[in-house]
Amino acid sequence: MSQLAVTMSKYVDALCKNIDARFQQSPLLAAFAVFDIRCLPERGTDEFSQYGCKDIHILADHFFRTQEDTEEMLAEWINFKFNLSSWKKEVPTEMLNCKVEETPMEWALKKLLIMKTSMIHFFPHLVKVAEIIMTLPVSNAWPERGFSRMKLSERSYVRKSFTTWLSAKPRRKLPKVKPVLEKEKEQDPADPVAVASCSTQTEEASNLDLVQLEYDKAVRVLQLAKFGQKVVSGDGIADDFEY
């Protein structure tokens, strides 16, 4: 067990170092820490009046387009800091001591979103940024897994629906007719034509009746073909042709 604990500790340390190395050049992610209620200075100090203005400017430049939006967000932040200062007393002690999974920053953002109905009128830009931070995935692994699962569920549903429809719908099989060869085309129409047996799923007609029906159709087609050849050759209409 001790060896496993040491291996796990080394793995976690290496993973943290890789994450820090990957995102160390991202001022945008570092600016998210402005909502960490533990870093907020006390009221009445010079640090309190200047706290977070640079980070808010970075967030505003990234998520909003115009200079007017940036100025409005800075004005919202100046007033919102007083709300954060009053919320600081409500943060659980276990959370401040990092004994629970939820961080004080997440707690503050959740409280802001819970009060969204009233807060959005006073801090519309900050509410939008809070929504983005709370819904931003750390990686693209779980969204990809979710979409893959949705695809599997969709395919399973379509396959099941098609199978149910196929088994419930009454169908009739088309008869399979033997292809006529060139030698058979020249034979007399009175000669029988080989026709494969056909079957139905919903009708009670016998195989013999279906064979006779297909035979009559084939004879009719051959008679029409022979009649057409005589007309083209100029021999006239055959006297024995049945209209």
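Just so it is clear, the model here is predicted, and its values are computed rather than measured.

Draft legend 1. Representation of the overall build of the chain within the structure. Looking only at helices and strands, one finds 12 helices and 0 strands in the chain. Each of the 243 residues in the chain was classed as buried or not, and the buried ones make up 22%. Intrachain contacts of the chain at a sequence separation of at least 6 include 58% that bridge at least 24 residues. A total accessible area of about 18400 Å² is found for the chain, and carbon and sulfur atoms account for 57% of it.

Draft legend 2. Structural context of helix H5 (residues 67-87). Here H5 contains 21 residues, and its C-alpha end-to-end distance of 30 Å stays within 8% of the 30 Å for a straight helix at 1.5 Å per residue. Within H5, the axis deviates most sharply at Asn79, by approximately 30°. By the burial criterion, the buried members of H5 are Thr70, Met73, Glu76, Trp77, Phe80, Lys81, Leu84, Ser85 and Trp87. Turning to H5, the residues buried within the fold contact helix H3 (46-50), helix H4 (53-63), helix H7 (104-114), helix H8 (116-119) and helix H9 (124-135).

Draft legend 3. Spatial organisation of the side chain of Asp36. Note on placement: Asp36 falls in the loop between helix H2 (27-31) and H3. With residues up to four places along the chain from it excluded, the contact list for Asp36 reads Tyr51, Pro104 and Met105.

Draft legend 4. Examining H7 more closely. Burial in H7 covers these residues: Pro104, Met105, Trp107, Ala108, Leu109 and Leu112. Here the buried face of H7 lies against H5, helix H6 (93-96), H8 and H9.

Draft legend 5. Up close: the packing of H5 against H9. Interaxial distance between H5 and H9 falls to 8 Å at its minimum, and their mutual angle equals 90°. Here H5 lies roughly perpendicular to H9, going by the angle between them. Across the interface between the two elements, Asp69, Glu72, Met73, Glu76, Trp77 and Phe80 of H5 pack against Pro124, His125, Leu126 and Val129 of H9. A class-by-class count of the residues in the contact of H5 with H9 yields 6 nonpolar, 1 polar and 3 charged.

Draft legend 6. Spatial organisation of the nonpolar core. Residues Phe35, Leu59, Trp77 and Phe80 are the most contacted members of the largest nonpolar core, which totals 32 residues. Once residues within four sequence positions are removed from consideration, Leu59 is found in contact with Leu28, Ala31, Phe32, Val34, Phe35, Phe64, Met73 and Val129.

Draft legend 7. Highlighting the pattern of salt bridges. Scanning the model with the defined rule gives 4 salt bridges in all. Across the pair Asp36 and Arg38 runs a salt bridge, and its minimum N-O distance is 3.1 Å. Looking at Asp36, the relative accessible area reads 11%, which means it is buried. With a relative accessible area of 37%, Arg38 lands in the partly exposed category. Between Lys110 and Glu102 there is a salt bridge, and its shortest N-O distance comes to 3.4 Å. The class of Lys110 is partly exposed, set by a relative accessible area of 40%. Since its relative accessible area comes to 24%, Glu102 is described here as partly exposed.

Draft legend 8. How the structure looks around the packing of aromatic side chains. Using the criterion set out here, one finds 7 aromatic pairs in the structure. When the centroid spacing of 5.2 Å and the interplanar angle of 70° are considered together, the rings of Phe48 and Phe82 count as edge-to-face. Taken together, the positions of Phe48 in helix H3 and Phe82 in helix H5 put the pair 34 residues apart, joining distant regions of the chain. Accessibility expressed as a relative area gives 38% for Phe82, which makes it partly exposed.

Criteria and thresholds
Positions within a chain are numbered from 1, following the residues in the order the chain's sequence is written. Under the rules for a predicted model, residues below a pLDDT of 70 receive no local features and side-chain atom pairs below 80 are neither given nor counted, while totals for whole chains, interfaces and linings still include all residues. Note that water and hydrogens are dropped before the side-chain values are worked out from all heavy atoms of the structure. Numbering of helices and strands runs from the N terminus; a helix is a DSSP stretch of H or I covering at least four residues, while a strand is a stretch of E covering at least two. Whether a residue is buried, partly exposed or exposed follows from its accessible area with a 1.4 Å probe, protein chains only, as a fraction of its type maximum: under 20%, in between, or over 50%, in that order. Residue contacts follow a heavy-atom distance rule, with two residues in contact if any of their heavy atoms lie within 4.5 Å. Note on areas: these come from Shrake-Rupley sampling with a 1.4 Å probe, and a residue is covered only by the protein chains present in the view. One less than the number of residues in a helix, times 1.5 Å, gives the span that helix is expected to have. Bend, in this description, refers to the angle at a residue between axes fitted to the seven residues ending there and the seven starting there. Between N-to-C directions, angles cover 0 to 180 degrees, with each direction set by a line fitted to C-alpha atoms, over the stretch in contact for helices. Orientation labels follow simple angle bins: below 35 degrees gives roughly parallel, above 145 gives roughly antiparallel, 65 to 115 gives roughly perpendicular, and whatever is left gives oblique. Amino acid classes used here: Ala, Val, Leu, Ile, Met, Phe, Trp, Tyr, Cys and Pro are nonpolar; Asp, Glu, Lys and Arg are charged; the rest, including Gly, are polar. Buried residues of nine kinds, namely Ala, Val, Leu, Ile, Met, Phe, Trp, Tyr and Cys, make up a nonpolar core once their side-chain atoms join them within 4.5 Å. Salt-bridge detection follows one rule: a side-chain nitrogen of Lys or Arg within 4 Å of a carboxyl oxygen of Asp or Glu. Side-chain rings of Phe, Tyr and Trp, where Trp is taken by its six-membered ring, are said to pair if the distance between their centres is within 6.5 Å; with planes under 30 degrees apart they count as stacked, over 60 as edge-to-face, and otherwise as tilted.

Worth remembering: the numbers are spatial, not functional.
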